[in-house]
Amino acid sequence: MSGVLVTRDVGVMRITLDRPEKLNALDGELAHQLRLAFEEAAIVHDVRVVVLTGNGRAFCAGQDLADPAVAPGADLGMTIEHFYNPVIRAMRALPKPIVARVNGVAAGAGANLAFAADIVVAARSASFIESFSRIGLLPDSGGTWMLPRLFGYGRAIALAMLGERISAEQAQAWGAIWQVVDDADLDTACDTLAATLAQAPTRALGAIKAAFESTATSTLDAALDDERELQRRLGASRDYREGVEAFVAKRKPEFEGR
Ligand code: LHQ
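This section reports on the structure supplied with the text. (Residues numbered from 1 in each chain as written. Predicted model: local features only at pLDDT ≥ 70, side-chain atom pairs only at ≥ 80, totals over all residues. Heavy atoms only, no water.)

### Re a nonpolar patch on the surface
Here is step 1: Together, Tyr153, Ile157, Met161 and Leu162 line one region of the surface with nonpolar side chains, adding up to about 460 Å² of accessible area.
Here is step 2: Examined against the element boundaries, leucine 162 turns out to sit in helix α5 (residues 153–162). (Patch = residues over 30% accessible without salt bridge, like charges linked within 9 Å, V, L, I, M, F, W, Y side chains within 5 Å. Areas by Shrake-Rupley, 256 points an atom, 1.4 Å probe, with all protein chains shown as cover. Salt bridge = Lys/Arg side-chain N within 4 Å of Asp/Glu carboxyl O. Helix = DSSP H or I, 4+ residues; strand = E, 2+ residues; numbered from the N terminus.)

So this is what it looks like as structure tokens:
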């Protein structure tokens, strides 16, 4: 696929942004391919975790600013509606975990793609930059929703208004991402994490993600109701049966994601 490489291996779908000469900057075609990859991940049972990463020295430099579709005066809302929002919606609706393997700089929509993942692991040399305000825009790709949740309002609004670059270590110290590892250890860390998630009770992980999503706008009372219903469904799953049987037998569970 143009600009996006998709590979699958024992439960793991790896999606690689592959325009290294442009720091993996996104255009409409690339964003569309990204959306298709996440939609495929949703329907293929054998995919139990997705790893999103970039090829070359960057994770993603956001929208390709040389693309005529976003030239000043063009309808940016159209680009966002047709290409960006469907990607973020597909990621957040995916009932499976997404790991962002942030191998280098993540800027603009590229940063917010990483933040739309569930677990972010970054190389020590990586960085994040909400560069939108530098060109007269506001954070899109879910940034206005995700940034205050990940960073807290005070840091989120300064990041968005100032457009300053922050290191991976800073993002981790602020609790916005899961892990920072030495560059040389990025592959091992992400492969180990992906293997763990690929053997996890996928339905439970999907339910966790959906429940966290809905608590953004719900009350404790509504969350308690949601937890009851989700737990009721999980309680009827094969993986719950396996989890309890394995616990009682003092053996390692073998979850099937069902
Ligand atoms: C680029 C880009 C780039 C083109 C580096 N485009 N060429 C959605 C839809 C609708 C409307 C608009 O917005 C959006 C969402 C968005 O994402 S808006 C935000 C767009 N992204 C940015 O504003 C980031 C722009 N890039 C940068 O700030 C820097 O390049 C970063 C911080 C990513 C990396 O800095 P450096 O490591 O110093 O590399 P560099 O700046 O030297 O870039 C290397 C090359 O890549 C360079 O080309 P050249 O021909 O000189 O080697 C850049 O022009 C090109 N490049 N980002 N987004």
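Continuing now.
### Some remarks on the packing of helix α4 (residues 143–151) against α5
Here is step 1: Viewed as axis vectors pointing N to C, α4 and α5 meet at an angle of 135°, and their least axial separation amounts to 7 Å. Between α4 and α5, the angle falls in the class oblique. Crossing angle aside, the handedness with which α4 passes α5 is right-handed. Counted together, Leu147, Pro148 and Phe151 of α4 and Tyr153, Arg155, Ala156 and Leu159 of α5 form the full contact between these two elements.
Here is step 2: Taken together, the residues of the contact of α4 with α5 break down into six nonpolar, no polar and one charged. (Axes fitted to C-alpha atoms, helices over the stretch in contact; angles between N-to-C directions. Parallel < 35°, antiparallel > 145°, perpendicular 65-115°, else oblique. Left-handed = near helix turned anticlockwise from the far one by under 90°. Contact = heavy atoms within 4.5 Å. Nonpolar A, V, L, I, M, F, W, Y, C, P; charged D, E, K, R; others polar.)

### Focus: the pairing of strand β7 (residues 119–123)
Here is step 1: Among the five residues that make up β7, four are buried, leaving the element largely enclosed by the rest of the structure.
Here is step 2: Of the pairings in the sheet, the one linking strand β5 (residues 98–102) to β7 comprises four bridges and is parallel in character. Residue pairing across strands places alanine 100 opposite valine 120, the latter belonging to β7.
Here is step 3: Of the strand pairs in this sheet, β7 and strand β10 (residues 179–181) are connected by three bridges, and their pairing is parallel. Its bridge partner lying in β10, alanine 123 is registered against valine 181. (Buried < 20%, exposed > 50% of the residue type's maximum accessible area, 1.4 Å probe, protein only. Pairing = 2+ DSSP bridges.)

### Some remarks on the site of the ligand
Here is step 1: Neighbouring the ligand are 20 residues, the closest being Arg57, Ala61, Gln63, Leu65 and Ala109.
Here is step 2: A distance of 2.8 Å separates a nitrogen atom of the ligand from a polar backbone atom of glutamine 63.
Here is step 3: A distance of 2.9 Å separates a nitrogen atom of the ligand from a polar backbone atom of leucine 65.
Here is step 4: Contact with the protein chains covers 66% of the free accessible surface of the ligand, which is 1,000 Å².
Here is step 5: Among the elements that line the shell around the ligand, the one with the most residues is helix α2 (residues 76–93), at four residues.
Here is step 6: Class assignment for the residues of the shell around the ligand results in 11 nonpolar, five polar and four charged. (Near = heavy atom within 4 Å. Polar contact = N/O pair within 3.5 Å; in protein donor to acceptor, adjacent residues only side chain to side chain.)

### So, the sheet that holds strand β4 (residues 58–60)
Here is step 1: Read from one edge of the open sheet, four strands run β4-β6-β8-β9, paired in mixed fashion. In this open sheet, the two edge strands, each paired with only one partner strand, are β4 and β9 (165–167). Strand-to-strand twist across the sheet, computed as the mean angle between neighbouring axes with direction ignored, equals 20°.
Here is step 2: Bridge count for strand β8 (residues 127–129) against β9 is three bridges, and the pairing is antiparallel. The residue bridging phenylalanine 128 from the neighbouring strand is isoleucine 166, located in β9.

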